[in-house]
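What the coordinates show
Residue strings, one per chain:
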Amino acid sequence: MEQEVKYINIKDLVLWTENPRDPIDANASDQDIVDRALDDGLLKWTLPKLAKEMGDYYDFSELPTVVFYGKKPVVYDGNRRIILGKIKHGLVTVPSGTRIRIPDFPEEIPCNVCSKKIALNNVLRKHGNSGSWKPLERDLFLHKFLGEEKSSFLILEEDTGIISSNPHLNQGFVKDEIFKDSMMQNLGFSINNGKLNSVHSNEEAFVLLTDISNKVKTKVIDTRRKRGKIIEVLDPSSQQLIDQNKNNKSHLSKIKFDSKKEVKKPQRQSKRTPKSNTEFFGGKLYLRMGEVSNLYRDIVDLYQFYFSKKHELSQTFPGLIRMSLRLLCETAAKEDNNKKFENYLKGHFPIAKKDLDKDIKTTLSNHNVNENSIVQLLHTGAHNYQSSNNIEQTIAMSIIIGSILTISHGKEETI
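Attention here is on the structure that accompanies the text. Owing to the predicted nature of the structure, the values given are computational and were not obtained by experimental measurement.

What follows concerns the sheet that holds strand β6 (residues 189-192). Across the sheet, which stays open at both edges, the 3 strands sit in the order β6-β7-β8 with antiparallel pairing between neighbours. Taken across any chain shown, the strands that pair with only one partner, and hence form the sheet edges, are β6 and β8 (251-252). Both strand β7 (residues 195-198) and β8 contribute to a ladder of 2 bridges, which runs antiparallel. Its bridge partner being in β8, Asn197 is matched across the sheet by Leu252. Relative to β6, helix α10 (residues 202-217) is tilted by about 110°, and along the sheet it contacts β6, β7 and β8.

The terminal C-alpha atoms of helix α18 (residues 391-409), which comprises 19 residues, lie 25 Å apart, in line with the 27 Å expected from a rise of 1.5 Å per residue. Across the 19 residues of α18, 16 count as buried, placing the element largely inside the fold.

Per the stated rule, a full pass over the model turns up 1 cavity of 30 Å³ or more. When its volume is computed, the largest cavity comes out at roughly 40 Å³. Per-class residue counts for the lining of the largest cavity are 2 nonpolar, 2 polar and 2 charged.

A few words now on the layout of surface pockets. Rolled over the atoms, a probe with the dimensions of a water molecule shows which regions are left empty. In this structure, the second largest pocket occupies an estimated 460 Å³ of space. What lines the second largest pocket is a set of 23 residues, and nearest its centre among them are Pro23, Lys44, Leu136, Glu137 and Ser164. Listed by contribution, the elements that provide at least two residues to the lining of the second largest pocket are α5 (135-146), α6 (152-160) and α7 (162-165). With 6 residues, α5 is the largest single contributor of residues to the lining of the second largest pocket. Grouping the amino acids of the lining of the second largest pocket by side-chain chemistry returns 12 nonpolar, 2 polar and 9 charged.

Attention shifts here to the packing of aromatic side chains. One pass over the structure, following the stated rule, counts 16 aromatic pairs. Centroid distance Trp133 to Phe141: 4.9 Å. Interplanar angle 50°. Geometry classified as tilted. The two residues Trp133 and Phe141 agree in class, both being buried. Both rings, one in Phe305 and one in Phe317, keep their centres 5.9 Å apart while their planes meet at 50°; by these two values the pair is tilted.

Procedures and definitions
- Residues numbered from 1 in each chain as written.
- Predicted model: local features only at pLDDT ≥ 70, side-chain atom pairs only at ≥ 80, totals over all residues.
- Heavy atoms only, no water.
- Pairing = 2+ DSSP bridges.
- Helix = DSSP H or I, 4+ residues; strand = E, 2+ residues; numbered from the N terminus.
- Contact = heavy atoms within 4.5 Å.
- Axes fitted to C-alpha atoms, helices over the stretch in contact; angles between N-to-C directions.
- Expected span 1.5 Å × (residues − 1).
- Buried < 20%, exposed > 50% of the residue type's maximum accessible area, 1.4 Å probe, protein only.
- 1 Å grid on protein atoms, 1.4 Å probe; cavity = no way out; pocket = protein on both sides within 12 Å on 5 of 7 lines; lining within 4 Å.
- Points joined across faces, edges and corners; volume = space filled by probe spheres on them.
- Nonpolar A, V, L, I, M, F, W, Y, C, P; charged D, E, K, R; others polar.
- Phe/Tyr/Trp six-rings, centres within 6.5 Å; stacked < 30°, edge-to-face > 60°.

The analysis is restricted to geometry; functional conclusions fall outside its scope.
Below you can see the structure in the form of structure tokens.
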């Protein structure tokens, strides 16, 4: 027997506990499944909507798919309709006040009785790509029932619980664009031997994944905004984690999401560089209108582009930023009483450095940025020597240059 139509009484039909829509414990009763469907906090069942769509009568052309296990007929497809029938005929109880207008429903209905293999194929054909299943349910079905390898999306859920704890992540674009293998690699995660691995500590990984979840939940990232710009929209602290850990050895990640768990920021090692792209030039500068101000703003945009795309750009790209700093200083020197480039920098350097805090002064010292070296460092950038690609040193240079520009080209305060 491959397939045949049989009339089966509603009271004999058994609801499928492994329904991909919302799987439940294998020992659960029909009543347990009905209770879950009526609760429907995640809108997986929407029984009132189905009842309304059915109209005034049960349509015999829509046959439930049934597989017999011994004498027990299990409903593989059509569980929502059978639940409505069981409610209609008082075979299960519902909470008082439940209002679902169920159409006329016969006690015996025609069913497509078939083998398990055919039933699974029918279920996949009807629901796999129709939108009635979300990506996680589909991946679970393909692995559990059709023997396909676990997807990275499914492994991420099994090892962390992040999707079930954050249902807004169970979307096609999240699976295909954010949690795809190549993007996960950029974020510092990988799948090895069917397990989630990470270059981050467990605490750091939790914070990073939580940031991603929040960006999807608040629609900073969605199907219309910031597609493909995942790292760019993350918090500066998350971007810092990705950058500082990128050369760490990957290890098995052991994190577990819980909707009640409070996110704690991880302790971090002392920084060798400023914390984020907002600290280039030591922060936002307020310069008087003119060519220097325009160049300054262009360089900020250039750095932000680098910071957001550094995983895609070549290692020599920072040299362009270093060269642009020299152009900025040369332009500023001309506007500052037409001083020589060297005199402009060395003349303002002592006062500019005096205005910096102790930590920034330490940063300058660590990268050998001082009154005697600043000119040579900018010359090096102009010739694109290998050392000019040191972005950390370039950031340190930008801070003292920002302080110098504030002295020579800062807006005058008005009272």
